[in-house]
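# Examination of the molecular architecture
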Amino acid sequence: MSFKAKESLSEQIAQHLADQIIRGDMLAGDRIQELRVAGELEVSRGSVREALLILQRRQLIDILPRRGAVVKEMSESHVRSLYEVMQILLGLVIRKAIKVVREEDLDAFIELVHGLQVAAEDRNLDEFFNLSFRFLEHAYPYARNPFVEDILINMQPAMQRAYFMALHLEADEVKECLSFFKALVETIFRRDVRSALEIIREFAEHQSDLVEESITRARQIETAWGSRRKKS
């Protein structure tokens, strides 16, 4: 597989690997071998090494002594910290958006919400997932703060990993997410900062709890299964 595109080669490789981690094709603890990736994608090991540094900065992998690159574990504290920071930064973005957004600017948000509605009705989770982050990316520039935008873009892959998991944990989570985006647009339209921040807080806490509980249950099952195997 060869890469030729607008982004740098290392960015493309990073995105290729990130997609596999986000969608669960690579799991926590899985090793990422530079040589194998370089051979599969027909790129240099140097480009793969640069891509791995990007993924480390984006909290998707750890680079460990003697082990190399491994997919980062999603612990409860990791998820909680992620949603706490996302809540603060998204709140800042929406608060600023409410101050400067014009009525005609809302058309793009309304169109994205319509797309989310259609994807939800069709149970098209991939499209719903992609449109969710297109909505957020459309909002980021309203922060008018390059530091905030940079942090959000770098956080996004880790956020996508947790959000993808949440969408696939419970059938009704798509409805929860759709309600969140709809409510957010309504508060921007009304220029209601207090309600917008409350909506963001409630959604962040809800989804963080959902993902954390899933991680806890998975660990309990793994521990119980391991104990049974030792006894038998």
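Cut-offs applied
- Residues numbered from 1 in each chain as written.
- Predicted model: local features only at pLDDT ≥ 70, side-chain atom pairs only at ≥ 80, totals over all residues.
- Heavy atoms only, no water.
- Pairing = 2+ DSSP bridges.
- Helix = DSSP H or I, 4+ residues; strand = E, 2+ residues; numbered from the N terminus.
- Buried < 20%, exposed > 50% of the residue type's maximum accessible area, 1.4 Å probe, protein only.
- UniProt positions renumbered as here; feature names shortened; annotations may be inferred.
- Patch = residues over 30% accessible without salt bridge, like charges linked within 9 Å, V, L, I, M, F, W, Y side chains within 5 Å.
- Areas by Shrake-Rupley, 256 points an atom, 1.4 Å probe, with all protein chains shown as cover.
- Salt bridge = Lys/Arg side-chain N within 4 Å of Asp/Glu carboxyl O.
- Lys, Arg positive; Asp, Glu negative; His and termini not counted.
- Charge placed at Lys NZ, Arg CZ, Asp CG, Glu CD.
- Core = buried A, V, L, I, M, F, W, Y, C linked by side-chain atoms within 4.5 Å.
- Contact = heavy atoms within 4.5 Å.
- Domains from an automatic or database assignment.
- Buried area = accessible area lost by both parts, 1.4 Å probe.
- Phe/Tyr/Trp six-rings, centres within 6.5 Å; stacked < 30°, edge-to-face > 60°.

Naming follows an unreviewed UniProt entry, where the chain appears as GntR family transcriptional regulator of Alcanivorax sediminis.

Read across the open sheet, the three strands follow the order β1-β3-β2; overall the sheet is antiparallel. Of all the strands in the sheet, the pair left with one neighbour each is β1 (31-32) and β2 (61-64). Pairing of β2 with strand β3 (residues 68-71), which is carried by four bridges, proceeds in the antiparallel orientation. Paired with I61 across the bridge in β3 is V71.

Before going further, it helps to spend a moment on the pairing of β3. Where β1 lies against β3, two bridges are found, and the strand directions are antiparallel. The residue of β3 that forms the bridge with R31 is V70. Counting the residues that bridge the hairpin from β2 to β3 gives three residues, and of these R66 lies at a positive phi of roughly 70°.

Next up on the list: unusual backbone geometry. You will see that E42, though not glycine, has its phi angle at about 60°, which is positive. Note on E42: relative accessible area 56%, which makes it exposed. Here the phi dihedral of R191 falls at roughly 60°; this positive angle occurs in a residue that is not glycine. Position of R191 among the secondary structure elements: in the loop between α8 (173-190) and α9 (193-231).

The sites that carry the UniProt feature "domain: HTH gntR-type" (unreviewed entry) are, in the present numbering, residues 7-74. Each end of residues 7-74 is marked by a C-alpha atom, and these two atoms are 28 Å apart; helix forms 51% of the span and strand 15%.

Quick look at a positive patch on the surface now. Residues R95, K96, K99 and R144 make up a contiguous surface patch of positive charge. Secondary-structure assignment places R144 in the loop between α6 (125-139) and α7 (146-169). Residue R144 is classed as exposed on the basis of its relative accessible area of 62%.

On to the pattern of salt bridges, then. Overall, the coordinates contain 15 salt bridges when judged by the stated rule. Between R58 and E11 there is a salt bridge, and its shortest N-O distance comes to 3.2 Å. Remark: E11 occurs in helix α1 (residues 9-22) and R58 occurs in the loop between α3 (45-57) and β2; sequence separation between them is 47 residues. On the basis of relative accessibility, which here comes to 13%, the residue R58 falls in the buried class. Here E11 falls in the partly exposed class, since its relative accessible area comes to 22%. Salt-bridge contacts for D62 lead to K72; the nearest nitrogen and oxygen are separated by 3.0 Å.

Let us look at the nonpolar core. Of all hydrophobic cores here, the largest spans 78 residues; its most connected members are I32, F128, F135 and Y163. Those residues within four positions of Y163 in sequence are excluded, and the remaining contacts are Y83, F128, F129, S132, F133, C177, F181, F203 and Q207.

The domain architecture assigned to the chain consists of domain 1 (9-71) and domain 2 (76-220). Each partner contributes residues to the interface: domain 1 has nine residues there, and domain 2 has 10 residues. Between domain 1 and domain 2, roughly 940 Å² of surface is buried when both sides are summed, and carbon and sulfur atoms account for 53% of that area. Taken as a group, I22, R23 and R58 account for 64% of the area that domain 1 buries against domain 2, more than any other trio of residues on that side.

Moving on: the packing of aromatic side chains. Going through the model one piece at a time under the given rule, you end up with nine aromatic pairs. Considering the side-chain rings of F129 and F133, the 5.3 Å spacing of their centres and the 55° angle between planes classify their relative orientation as tilted. Taken together, the positions of F129 and F133, both in helix α6 and four residues apart, correspond to about one turn of that helix. One exposure class covers both F129 and F133, and it is buried.

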